[in-house]
Amino acid sequence: MDEIHVIGGNCLHGNITVQGSKNTVLPLMAGALLYRGINVLKACPRITDVFYMEEILRALGAETWWEDHDLYLDCTHADGSHVPEIYSGRMRSSIILLGPILARNQQAEIGYPGGCVIGKRPVDLHLYVLRRFGAEIKEEEKKITVSCKKLCGTEIVFSKRSVGATEQAILCATLSKGTTTLRNCAREPEIVWLCRFLNAMGAKIEGAGEDCICIEGTEKLCGTKMQIPADRIVTGTYLCAAAATRGHIVIENAPEGELDTFLQVYRKMGGQYEWKSGKLIANGAGIQFSVPFLETEAYPGFPTDLQSPLLAVLTTVPGISRIRENIFENRFKICSELTKMGAHIEVRGSEVKICGSRLKGCRLRAEELRGGAALVIAALAADGESVIEGVPFIRRGYEDICRDLRYLQAEIYMEDILSV
Ligand code: UD1
């Protein structure tokens, strides 16, 4: 069992290249099922969620292999239609496989999706999407069964912006009969990347990144190679790590244009940044101003996935800050851990009030992915040593957080406590 050890207090500095985006690659892996042949995802992050999705595709009959960070997906024989609960229970995004499996096999069966404990995370919008395309759905205690002879293009007006449900609809529409119009779509960069990937495979999708997406169904796709963009959330996490230590770092491949709302907050806190030849140079030496009020919102608003990392930074900034979480209701679980470090935090429903102070190192437990990364950030800023348990949660989305932070001169290492 691994633990992360951090000796806090080092001011981070140096250059780093960020891994490929988790939330981009997972729907692309699902999309690969739409073509009976090979697709290649280049610069793919080697993280647990990608390995889980790879296992699911293999269970369906795909052949997969890696060449360094390039992931090859051969779905020629991926004709399985059943994703057992043992796989789907491990990750939330397994639900987006329903559409592609259905498009391919006229039926699909999946155990209820699992994932991080950040909130209720219902799947009603996904099922609504499938029904709109003509699918019949049977919900049982442990599994969802879906069937449909031929998916038919449709019009969908989403009652709520959902990244996953928008992706589900795009995946269903690609090989369906006729035209599909989607309104009130999620506008996250991951949606744009999914549409670029599918269009490179021969799909006909317009409007990605906008409120309304139109898809002309097509009969046949081809294989493609796609470079996975840098992960905007990992980029934001490392910017927060540097900010918490008032460090100065350069992100060599930061995804320009995808972090604007975060960078506005960074600047308001006293941080400075500039873009130079595709690099993001961020200087957190002047970070000293609290954030009177911030709320998480669908893109282009402040991302819920960076709420916990920012919260960790704000525990070190003098004055009072307030955050409201609007997307996932259980994202303040880390507050009790941060309090152990001496942080002054009050949680009231979906709002948190933070009064900046010094933190001290201690033993901490990660219970979900981004909260786990936030604990690492707090530990980097704290006096003394911290030990963080629950490392598997962090590995779901960070290829090697210790290696990356060591590049930035942090004193951090992984220890396998069973082998000592
Ligand atoms: C994706 C990201 C996740 C990010 C989230 C919001 C992936 C693999 N995960 O998750 O990292 O935190 O976007 O940016 O890309 N909802 C429903 N019914 C549904 C589906 C969603 O009510 O059927 C609700 C959710 O509970 C949440 C909101 O819609 O309150 C947005 O969730 P959604 O955008 O769907 O998140 P995910 O796609 O699961």
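Every value quoted in this text rests on a predicted model; they were computed, and no experiment measured them.

Description of the nonpolar core
- One finds Ile4, Phe262, Ile388, Ile401 and Leu405 to be the most contacted residues of the largest nonpolar core, which totals 73 residues.
- Those residues in contact with leucine 405, other than ones at most four positions away along the chain, are Leu12, Tyr238, Ala241, Val376, Leu380, Ala410 and Ile412.
- Core analysis: the next-biggest nonpolar cluster, separate from the first, contains 71 residues, Leu33, Met53, Ile156 and Cys185 among them.

Observations concerning the pairing of strand S1 (residues 2-7)
- Relative to strand S24 (residues 411-416), S1 runs antiparallel, the two being bridged by 6 bridges. Pairing of histidine 5 across the sheet is with tyrosine 413, part of S24.
- The pairing of S1 with strand S23 (residues 385-389) spans 4 bridges and is antiparallel. By the bridge assignment for S23, histidine 5 is matched with valine 387.

Description of the sheet that holds strand S3 (residues 38-42)
- With respect to topology, 4 strands assemble into an open sheet ordered S4-S5-S3-S14, the strand pairing being mixed. Since the sheet does not close on itself, it has two edges, and those belong to strand S4 (63-67) and strand S14 (225-227), each with one partner. In this sheet, adjacent strand axes meet at a mean angle of 15° when their direction is disregarded.
- Where S4 meets strand S5 (residues 70-74), 5 bridges bridge the pair, whose relative direction is antiparallel. Across the sheet, residue tryptophan 65 finds its bridge partner in S5, namely tyrosine 72.
- Of the strands in this sheet, S4 and S5 touch helix H2 (residues 48-59), which is tilted by about 145° from S4.
- Here helix H7 (residues 189-200) sits on the sheet in contact with S3 and S14, set at roughly 155° to S14.

Cut-off values and rules
- Residues numbered from 1 in each chain as written.
- Predicted model: local features only at pLDDT ≥ 70, side-chain atom pairs only at ≥ 80, totals over all residues.
- Heavy atoms only, no water.
- Core = buried A, V, L, I, M, F, W, Y, C linked by side-chain atoms within 4.5 Å.
- Buried < 20%, exposed > 50% of the residue type's maximum accessible area, 1.4 Å probe, protein only.
- Contact = heavy atoms within 4.5 Å.
- Pairing = 2+ DSSP bridges.
- Helix = DSSP H or I, 4+ residues; strand = E, 2+ residues; numbered from the N terminus.
- Axes fitted to C-alpha atoms, helices over the stretch in contact; angles between N-to-C directions.

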